[in-house]
Structures are given as C-alpha cells and as structure tokens.
Amino acid sequence: GQNIDQPTEMTATEGAIVQINCTYQTSGFNGLFWYQQHAGEAPTFLSYNVLDGLEEKGRFSSFLSRSKGYSYLLLKELQMKDSASYLCAVPNQAGTALIFGKGTTLSVSS
Amino acid sequence: EAQVTQNPRYLITVTGKKLTVTCSQNMNHEYMSWYRQDPGLGLRQIYYSMNVEVTDKGDVPEGYKVSRKEKRNFPLILESPSPNQTSLYFCASSLGTSGETQYFGPGTRLLVL
C-alpha cells in the first residue's frame with residue numbers, strides 16, 4: 001500500500017523560511033509532486049521530483065531522497081499570499097491516480 | 001487559455017435527486033479523473049478515465065457514475081445523492097499517467113440535504 005505523512009499545520013512570519021516535510025511509503029516509486037491549495041480553491045502544481053536532490057524554482061525549492069522516502073518543500077522570503085495548504089502526492093503503483101497526503105496548512109503572519 | 005472547467009461551482013440538492021457535474025478540458029489530455037476532498041481525509045479519487053470510452057473505479061466509487069464519450073468531457077453523475085456525498089469535488093486532467101502533472105478544475109461544492 002501507499003502512505004503519505006505531512007505535518008498538519010505550520011506557522012511562520014513574513015520574510016522567513018519554512019520547510020514542509022513529507023514522508024512516503026510506496027510500492028514502485030514514480031516521482032513525487034507538491035501542490036499548493038488556497039482555501040476553497042483548486043490545487044495548483046508546484047513541483048515534481050523524480051531524482052534525488054534539490055530542485056529550485058524561484059522562492060520555492062523541493063528536495064527528494066528516495067532511499068529515505070522523504071521530501072521537503074522549502075519556501076523562502078515568505079509572503080502573506082503563501083498562506084495555503086501544501087499537498088504532497090505520489091502516483092499509485094498502477095499510475096492511475098495521485099495519492100495525496102492530508103496536506104500541511106501554512107499560516108504566514110506579519 | 002489552457003484550463004479545466006467544472007459546472008456548477010456550487011450546488012445544494014436533496015437526497016435522491018439525480019445530478020450531474022460537468023467537467024471539460026481544452027488541453028487534449030487523454031487522462032481525466034474525479035476526486036473528492038473532505039476535512040481530515042484529503043483528496044481521494046472517485047473515478048478515472050485513460051481515454052475515450054475507458055473508465056475505471058478509484059478509491060471511493062460507491063454512489064457515483066462517470067462517462068467519457070468525448071475526449072474533452074468527463075461528467076460525474078450522482079444517480080441518488082445522499083448526505084454523505086456532501087463534499088468538495090475536483091476534476092483533473094493530464095497528458096498521461098504516472099509522472100504527468102495533473103491540472104485541476106476550480107471545484108464544485110456540493111451539499112446534499
């Protein structure tokens with residue numbers, strides 16, 4: 001089976017850096033996705049990692065360690081608009097669905 | 001503009017009254033999927049479609065039907081809605097499966113009384 005764990009909530013202040021962790025157990029790894037979801041809105045794609053290491057994309061970076069079943073999303077220079085839920089997801093073994101974690105709700109305060 | 005659209009965005013209905021939520025994508029994607037999102041449970045897949053006339057059950061298909069007569073459309077049908085189907089529903093599409101990015105529609109918030 002597959003299982004994804006993320007912290008439920010995190011808080012941070014504007015301008016700070018925050019790291020959102022995700023651990024996963026999956027049979028047949030085929031990459032890991034991060035999505036951002038503002039309350040009541042659709043999830044939007046942030047990043048996709050299939051190889052180990054850090055991928056940087058502007059203020060957001062995503063890291064993957066396949067041997068440890070671990071990923072993190074790093075958000076730098078936090079802004080109020082970064083207050084959202086961050087979802088970690090992996091494809092199921094058949095590749096027919098994304099299995100999502102329950103999401104980490106990030107609150108950014110001034 | 002590349003997008004996935006859903007209608008209606010909000011719907012209040014009563015138990016047993018059949019309803020359809022439409023989903024359409026303009027990206028020529030082969031794969032489409034329906035998810036429901038509930039507090040504390042996250043996003044769970046209801047049904048998916050790999051291509052026209054090819055559909056299959058996801059993790060929580062009970063009480064739902066789908067069809068894929070055209071590549072761009074993937075409606076979700078609730079033949080006899082019940083209160084436990086009150087949820088936020090998302091349609092998604094992608095070029096293929098596995099490593100392909102899924103693009104989500106804006107969501108349909110359904111309340112079944």
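Residues numbered from 1 in each chain as written. Chains lettered and ligands numbered in written order. Predicted model: local features only at pLDDT ≥ 70, side-chain atom pairs only at ≥ 80, totals over all residues. Heavy atoms only, no water.

### Regarding the confidence of the model for chain A
Detailed reading of predicted coordinates is not advised where the pLDDT is low. As a reminder of what qualifies: One number per residue, pLDDT, summarises how confident the predictor is, and it ranges from 0 to 100. The way it works is that DSSP assigns letters per residue, a run of H or I at least four long becomes a helix, a run of E at least two long becomes a strand, and they are numbered from the N terminus.
Confidence in the prediction of chain A, expressed as mean pLDDT, is 94, and 99% of residues score 70 or more. Mean pLDDT across the elements of chain A ranges from a minimum in strand E10 (residues 98-100) of chain A, with 91, to a maximum in strand E8 (residues 70-75) of chain A, with 98.

### Observations concerning the interface of chain A and chain B
Under the convention used in this document: Whether two residues touch is decided by their heavy atoms; if any such pair falls within 4.5 Å, the residues are in contact. Throughout, the accessible surface (probe 1.4 Å) given up by two parts as they are put together, summed over both, is called the buried area. Whenever Lys or Arg places a side-chain nitrogen within 4 Å of a carboxyl oxygen from Asp or Glu, that contact is recorded as a salt bridge. Definition of a polar contact: a pair of N or O atoms within 3.5 Å, with one able to donate and the other able to accept a hydrogen when the atoms are protein atoms, and with sequence-neighbouring residues admitted only if both atoms are side-chain atoms. Following the grouping adopted for this structure description, the nonpolar residues are Ala, Val, Leu, Ile, Met, Phe, Trp, Tyr, Cys and Pro, the charged ones are Asp, Glu, Lys and Arg, and the polar ones are all others, Gly among them.
Counting residues at the interface gives 19 residues for chain A, matched by 22 residues for chain B. Counting the surface lost from both chain A and chain B, the interface buries some 1500 Å², and carbon and sulfur atoms represent 57% of this. On the chain A side of the interface with chain B, the three residues burying the most area are A:Thr96, A:Phe100 and A:Lys102, jointly 28% of the side's total. Connecting chain A to chain B are zero salt bridges. Here chain A is connected to chain B by five residue pairs in polar contact (both at pLDDT 80 or more). Put simply, the parts of the chain that give the side of chain A that touches chain B at least two residues each are strand E4 (32-37), strand E5 (44-49), strand E9 (84-91) and E10 of chain A. Its residues assigned to classes, the side of chain A that touches chain B comprises twelve nonpolar, five polar and two charged.

### A look at the sheet that holds strand E6 (residues 53-57) of chain A
For sheets, the rule is that strands pair by backbone hydrogen bonds, running either parallel or antiparallel. Residue and element names in this part refer to chain A. The following threshold applies: When DSSP locates at least two bridges between a pair of strands, those strands are taken to pair. Simply put, an axis is a line fit to the C-alpha atoms, just over the touching stretch for a helix, and the angle between two N-to-C directions goes from 0 to 180 degrees.
Strand order in the open sheet formed by five strands is E1-E3-E8-E7-E6, with antiparallel pairing between adjacent strands. On the outer flanks of this sheet lie strand E1 (3-5) and E6, each paired with one strand and no other. Pairs of neighbouring strands in the sheet enclose a mean axial angle of 15°, with direction left out of account. Pairing analysis gives three bridges linking E1 to strand E3 (residues 18-25), with the strands arranged antiparallel. From the neighbouring strand, asparagine 3 faces E3, where its bridge partner is glutamine 25.

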